[in-house]
Amino acid sequence: MKGFIFISLFFSVVFSSAFACENYQGQSFCVGDRAIADNADGSIVGVSKTKISIDFTGGSTTKKGVATFDISKVYLGKDCSGDFCVNDKAVGGNLEGVIVGVSKDGVAINHKKESDKYSVIKTYLQKDSLVRKGCVEAYCANDSAVYKSFDGVIVGVNAKSSLVAISFVGGTSKYTGVGTYALKTVGVGKGCFQGYCYGDRAVSGAVDGVIVGVNPYRGQVSVLGKINGRPVIETNDIKNVTMRSLSENVHANDSKRMINTLSDFNHSFR
């Protein structure tokens, strides 16, 4: 009987320690979970109330071996935190990537490119990061957008910080990077404001072309045309822009052309 009790206790200890977990700031860190620390990924091999031990041997970076970290410095490689979820596409530091870890107020993003042999993991505060899903007011991930004289596609939004990230790859300018901007400084490639709509033909300064961006925060539109055969975008206050012809998609009596306030603009996309 004593032998049976000893064996039972032995297996109980082994199996319970193999699945040991620790809760911290709403997250459950368990042995076997994927985790990120020191810009590297690995598997949790030990937990306590204040520490997490990670084995990086099977990870995707150059870091190997086992190391122990304060639990506050570890990003959990599963689930979500706020608007950020593991495996979501995201932007951090004006670099695109994929979320591989989250903490209460942080996010770990893998910026690995096809040409990279190993993962390139960096960590950011959630308030400075953006995720490629959802919307900030009427501005949504994958919408076309304009910042000053540069056009591109929204590849990240942060509703709490009112930020959008734009990739200029494939745009009309020579700039092909990613930029992060305050929402109010960006025009979106849709909608109408004060009688001017996306797709209308208009003239802004010396640029005769098509409206490709509408900014209801500043009462501006961006017009794409050509000067000396080169594509040019000019963003201007609506009062300084003249109309050549209306878009076929929004007729003169369409209610969208009556939108004159920011709240009505946002409401038109709900």
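Here the structure is a predicted model, which means the values were calculated and not measured. (Residues numbered from 1 in each chain as written. Predicted model: local features only at pLDDT ≥ 70, side-chain atom pairs only at ≥ 80, totals over all residues. Heavy atoms only, no water.)

Chemist: Looking at this model, I keep getting lost on the overall build of the protein. Mind explaining?
Modeler: When helices and strands are tallied, the protein shows two helices and 28 strands. A compact globule built from 270 residues would reach a C-alpha radius of gyration of about 18 Å, whereas the protein, at 25 Å, exceeds it by more than 25%. The long-range fraction of contacts in the protein, counting pairs at least 24 apart against all pairs at least 6 apart in sequence, stands at 42%. Distance between charge centres in the protein, computed from 31 positive and 24 negative side chains, equals 3 Å. (Helix = DSSP H or I, 4+ residues; strand = E, 2+ residues; numbered from the N terminus. Rg over C-alpha atoms; globule rule 2.2 N^0.38 Å. Contact = heavy atoms within 4.5 Å. Lys, Arg positive; Asp, Glu negative; His and termini not counted. Charge placed at Lys NZ, Arg CZ, Asp CG, Glu CD.)

Chemist: When you look at unusual backbone geometry in this model, what are you seeing that I'm missing?
Modeler: It is generally the case that most residues other than glycine have a negative phi and that most peptide bonds are trans. With phi around 70°, Asp79 is a residue other than glycine that occupies positive phi space. Along the chain, Asp79 falls in the loop between strand 7 (75-76) and strand 8 (80-81). The residue Asn94 is not glycine, and still its phi comes out positive at about 60°. By secondary structure assignment, the location of Asn94 is in the loop between strand 10 (89-92) and strand 11 (95-102).

Chemist: When you look at the environment of Gly191 in this model, what are you seeing that I'm missing?
Modeler: Mapped onto the elements of the fold, Gly191 is located in the loop between strand 21 (187-188) and strand 22 (192-193). On a C-alpha basis, the gap between Gly191 and Asn266 in space is 9.3 Å, while along the polypeptide they are 75 residues apart. Dropping the residues within four chain positions of it, Gly191 is found in contact with Tyr196, Cys197, Tyr198, Val214, Phe265 and Phe269.

Chemist: How should the state of the cysteines be read in this particular structure?
Modeler: In a disulfide, the sulfur atoms of two cysteines are covalently bonded to one another. Per the stated rule, a full pass over the model turns up four disulfides. Here Cys80 engages in a disulfide with Cys85; their sulfurs sit 2.0 Å apart. Because the torsion about its S-S bond is 105°, the bridge between Cys80 and Cys85 counts as right-handed. (Disulfide = S-S within 2.5 Å.)

Chemist: So what exactly am I meant to see when it comes to the side chain of Ser247 here?
Modeler: Relative to the helices and strands, Ser247 resides in the loop between strand 28 (241-245) and helix 2 (262-267). Of the residues examined, Ser247 reaches a relative accessible area of 9% and is grouped as buried. A polar contact is formed between the side chain of Ser247 and the backbone nitrogen of Asn249, at a distance of 3.1 Å. Ignoring any residue separated from it by four or fewer positions in sequence, one finds Ser247 in contact with Tyr198, Gly199, Asp200 and Arg257. (Buried < 20%, exposed > 50% of the residue type's maximum accessible area, 1.4 Å probe, protein only. Polar contact = N/O pair within 3.5 Å; in protein donor to acceptor, adjacent residues only side chain to side chain.)

Chemist: I would appreciate a short explanation of the nonpolar core in the present structure.
Modeler: What tends to happen in soluble globular proteins is that the nonpolar side chains get buried as a cluster. Counting residues in hydrophobic clusters, the biggest one holds 26 residues, and the most contacted among them are Tyr139, Val164, Ile166, Val186, Ile211 and Phe265. Elements with a minimum of two residues in this core: strand 17 (144-147), strand 18 (150-158), strand 19 (163-167), strand 25 (207-215) and strand 26 (220-227). By residue number, the principal contributor to this core is strand 25, which donates three residues. In terms of nonpolar packing, the next biggest core, distinct from the first, is built from 12 residues, Ala37, Phe69, Ile71 and Leu76 among them. (Core = buried A, V, L, I, M, F, W, Y, C linked by side-chain atoms within 4.5 Å.)

Chemist: Even after reading the chapter, I still don't get the layout of surface pockets, so can you show me in this structure?
Modeler: Empty space among the atoms becomes visible once a probe the size of a water molecule is rolled across them. In this structure, the largest pocket spans a volume of roughly 160 Å³. If you go around the largest pocket, you meet 13 residues; those closest to its centre are Lys190, Gly191, Cys192, Val250 and Lys256. Here the residues of the lining of the largest pocket are counted per class, giving six nonpolar, five polar and two charged. (1 Å grid on protein atoms, 1.4 Å probe; cavity = no way out; pocket = protein on both sides within 12 Å on 5 of 7 lines; lining within 4 Å. Points joined across faces, edges and corners; volume = space filled by probe spheres on them. Nonpolar A, V, L, I, M, F, W, Y, C, P; charged D, E, K, R; others polar.)

Chemist: What exactly am I supposed to notice about the side chain of Asp33 here?
Modeler: Tracing the backbone shows Asp33 in the loop between strand 2 (27-30) and strand 3 (34-37). Taking relative accessible area as the criterion, Asp33 reaches 13% and is therefore assigned buried. At 3.1 Å, the side chain of Asp33 forms a polar contact with the side chain of Lys78. With residues up to four places along the chain from it excluded, the contact list for Asp33 reads Ser28, Gly42, Ser43, Ile44, Leu76 and Lys78.

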